Amino acid sequence: MRNYKSKIFVLIILTSAFQLLQSNELPQITHFPPNYLEYQKSLKLEMEILNKIEQIEEVYLFYKKSNQNYIQEKMFLEDELNPLFSIKIPAEFIDQSIEYYFRIFLINETEFTSPSEDAINNPYYVELKMPEKISQGKIFQKLSPADEFNFTSDEFMIAISYFTIEDVIENKTIKLFLDGRDVSANSTITSNMLVYKPKSVRAGIHWIKIVIFNNDNSVYRERKWKVEVKKGKISQKFPISISGEISAKTRFETYSTKDTSSYYYDKDDEQKNNAQLKLKGNLNWFRFNGRMFFSSDEDAESQPVNRYSFETHIPHLSMNFGDHSPRFSNTTISGKNVRGIGGKLNFGFLNIHAFNGQIVRNIEGEMLVDNLDDEPTYTGTYKRDCSGLRLQLGRGRKFAFGISVLKVKDDTLSENFAENPKDNLVVSLDTKLALFRQKLIFGGEISTSLLNNNFSTGVIADSLLDTLGIDVEQLPFSPADIEDIFVINANMEPLMPGLHSIASEAYFRAFFLNNLLNVNYSYVGGSYNSLANPYLQKDKSGLNIKNTLRLLNNQLNLTAGYHKYQNNLSGEKDGTSGTTTSDGFLGNIGYYPQNQNFPSFNLSLQQSNMTNDIPDSTFVLDTLDTIIDTTFNDLYQIDQVNNSIGVNTSYQIPWIEFAKSKLSVSFYNSNSIDNEFEVDDTTSVGADTTLYGSYTANSQNYQFSLSSDFKDIPLNTRISFSSMNTRNYSEPDSLKDEIEGEHQTIRLFGEYRLFDERIKPYLKWSLTNSSGTSDYTKNYYTFGISSRLNLFKKETFISGEISHLDYKYEDDSDNDYSRTKMRLRISQKF
């Protein structure tokens, strides 16, 4: 019996070691969160792949604000030789701090995240740097006319924006004066913009003045401009104003290696091309914009890469044709690409949003049969259609109430060799109430769903409803009567609607005394499904509280947050039972001085704890470390603590007189402790001592960079050094082998500007040295040139570069390889 249990223990240790070895075969990645966000400015995020890029299928970014669920966006492989995935979060999204994480999908159909542990509840966090309080000159923006205006006839128009004070002028009076004459009555005045178009205007000097009056007729704000109007040469103009850009890009890549076992051995040279057309235009009150993107990566056996979109806007109506991303609410559809048609009707208090199209295209498959007695396997994919309708009452600034209906269904006629067609119906209600000029906001949403995982067997007969636990006498309709709405049969999830098929959230937001408080509670049942929002985490509920205090004219931000989530509420997820609880806190201090003589600084602390009530496997050892008793638990026990700390600082160095130089330092440390099982040790004196086995994964990341823009020569440079050190170990150390890894990278960049910055040659070099889990050296060289010309009276951009990568293994030189890439891009504006 003793030997048998010893063999079991050894088998467990070997299995754990093998699983650990497999985990270390994952691609190594590195990412440094940005120092801060800038209000209403887009944010570019980058994730570098240090090795094993060939294992990665695709990478997604998941990001959110305080009172929202995660939005998913596919990242783009920006550089193939020195692999770098990147994406931009749009400027209109950034009005408060954000949280995000990466999900990396591998070609073997597995996945991992960054941060690696509990990424959903313990994501990267970036604080918002608010702009300084708005000065008088920044309140009003004169969009038209230019200070020197050359007119032909009736082109003169005044357009002034004041969106920065939109929230505080709701009950004030706005007046426009042209040459001292009040023209407000003939102007179009909205909450954030003023437009006036006179019938005619004479040549010469004109004065434009805008005044905002308080209720007592005192002046709240005013601004005055001088404009010179000149007669211009009359020319024939195209009736529709059109502008845009057309671009083409080609890339050629070659590979070289010695070892026949290498992934790159005998790999064919590769050429990829893409082209893009973007345009926009208007004719009086009609506006439009469009985009077409064509790529050689387009493949009928995978989901679309090409994109076609066209938008039109007329008063009260906007239309989308082709690819677009409708957003209804957090739990229905939020950013999923739909190829079809959509439209929005806006009548102020009444708003209607509808769309119809496909979210998955069909892929031709085949029927596979291994043995004549086996069931066949089908490899195809159905086209998945999606339709949505949303009715909203209220503009949303003060009040909104919305009803959304979403229908997703596989088209069984689109593919002969596919199986398990799905049918999905989602209904949602949401509301929002904003008080005191949006300083106090309440909101909520509740949704319910029905999902049929296989409607190929058709609608269930009335006589068989009792087999599903449904009383046919209490059902007000026959399943056959609503077949076009939803297919009812035994493959439904859930069979009967209830709390488990509901998703809901409630949120509260308040801005007071320089505090921004966000409170959010969400619940998603285990049987709630929206096929248009596939990454929504189900079977989960939780509370999230976060408050930011802004001081010193928005220069100092103090943020504190707490979350508590419960996962696996139904206890039915694979490998575990009971509820998993995750709770944690967030702390952030950010100092962003307006005076550039002082350094900016950001410190972020996060901790999350995950536990469940599953007892772990227990081993009783004697003094010779031989197992004398064992209690096995087949369920997965969770007892995990995750900590992370991030520090960023940057400083504009004033004493370097020959160049404008900025020094940046970043540090990010993550530490995860997983208490896997307990070991009971019977000592020689007969006393029992419990040893708690744990496994720790630690990662430390450093980065130093210095960027310089020289004053006397048209040159800018950047040098950086980054290091990532990992250490995985167990306590006691006999449970698992310790594994350490080190990755250091140095990067140099230089760009020279010629001919009034129209020609810019540049050089890039990086050297990466890795040891521990994988010993290799990677050298990467790039020479490129970019140009900005005026070939056709509009700007023409031509850029090209050549890059070379040498990848050398420390202990396996036969497996070394190299890659060379050439890239050319041409872009013409019109």
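Residues numbered from 1 in each chain as written. Predicted model: local features only at pLDDT ≥ 70, side-chain atom pairs only at ≥ 80, totals over all residues. Heavy atoms only, no water.

**Considerations on the sheet that holds strand β6 (residues 76-79)**
Then, in step 1: Taking strand neighbours across the sheet as the criterion, the 4 strands line up as β1-β3-β7-β6 in an open arrangement whose pairing is antiparallel. For this open sheet the edge positions go to β1 (29-30) and β6, each flanked by a neighbour on one side alone.
Then, in step 2: Looking at chain direction, β1 and strand β3 (residues 43-49) are connected through 2 bridges and run antiparallel. Within β3, the position partnered with Thr30 by the bridge is Glu48. (Pairing = 2+ DSSP bridges. Helix = DSSP H or I, 4+ residues; strand = E, 2+ residues; numbered from the N terminus.)

**Quick word on the pairing of strand β36 (residues 515-524)**
Then, in step 1: Buried residues dominate β36, accounting for 8 of its 10 residues.
Then, in step 2: The pairing of strand β35 (residues 502-512) with β36 spans 10 bridges and is classified as antiparallel. Bridge assignment links Phe511 to a residue of β36, and that residue is Leu516.
Then, in step 3: Linking two consecutive strands that pair antiparallel, namely β35 and β36, is a turn of 2 residues; a positive phi of about 45° is found at Leu513 within it.
Then, in step 4: Bridging between β36 and strand β37 (residues 540-551) involves 10 bridges; their strand directions are antiparallel. Bridged to Tyr523 within β37 is Ser541. (Buried < 20%, exposed > 50% of the residue type's maximum accessible area, 1.4 Å probe, protein only.)

**Observations regarding the pairing of strand β32 (residues 423-435)**
Then, in step 1: Inspection of the sheet shows strand β31 (residues 399-411) paired to β32 by 11 bridges, in the antiparallel sense. Residue pairing across strands places Leu406 opposite Val426, the latter belonging to β32.
Then, in step 2: Where β32 lies against strand β33 (residues 440-452), 13 bridges are found, and the strand directions are antiparallel. From the neighbouring strand, Leu435 faces β33, where its bridge partner is Leu440.
Then, in step 3: The turn joining β32 and β33, which pair antiparallel and follow one another in sequence, is formed by 4 residues; a positive phi near 55° is taken by Phe436.

**Overview of the pattern of salt bridges**
Then, in step 1: Enumeration according to the criterion identifies 28 salt bridges in this entry.
Then, in step 2: Taking the shortest distance from any N to any O, the salt bridge between Lys383 and Asp411 comes out at 3.8 Å. Of this pair, Lys383 sits in strand β30 (residues 383-393) while Asp411 sits in strand β31; the two residues are 28 residues apart in sequence, bridging distant segments of the chain.
Then, in step 3: Residue Asp411 is classed as partly exposed on the basis of its relative accessible area of 23%. (Salt bridge = Lys/Arg side-chain N within 4 Å of Asp/Glu carboxyl O.)

**Some thoughts on the sheet that holds strand β12 (residues 141-144)**
Then, in step 1: Strand order in the open sheet made by the 4 strands is β12-β14-β18-β17, with antiparallel pairing throughout. Bordering the open sheet on either side are β12 and β17 (188-189), each of which pairs with just one other strand.

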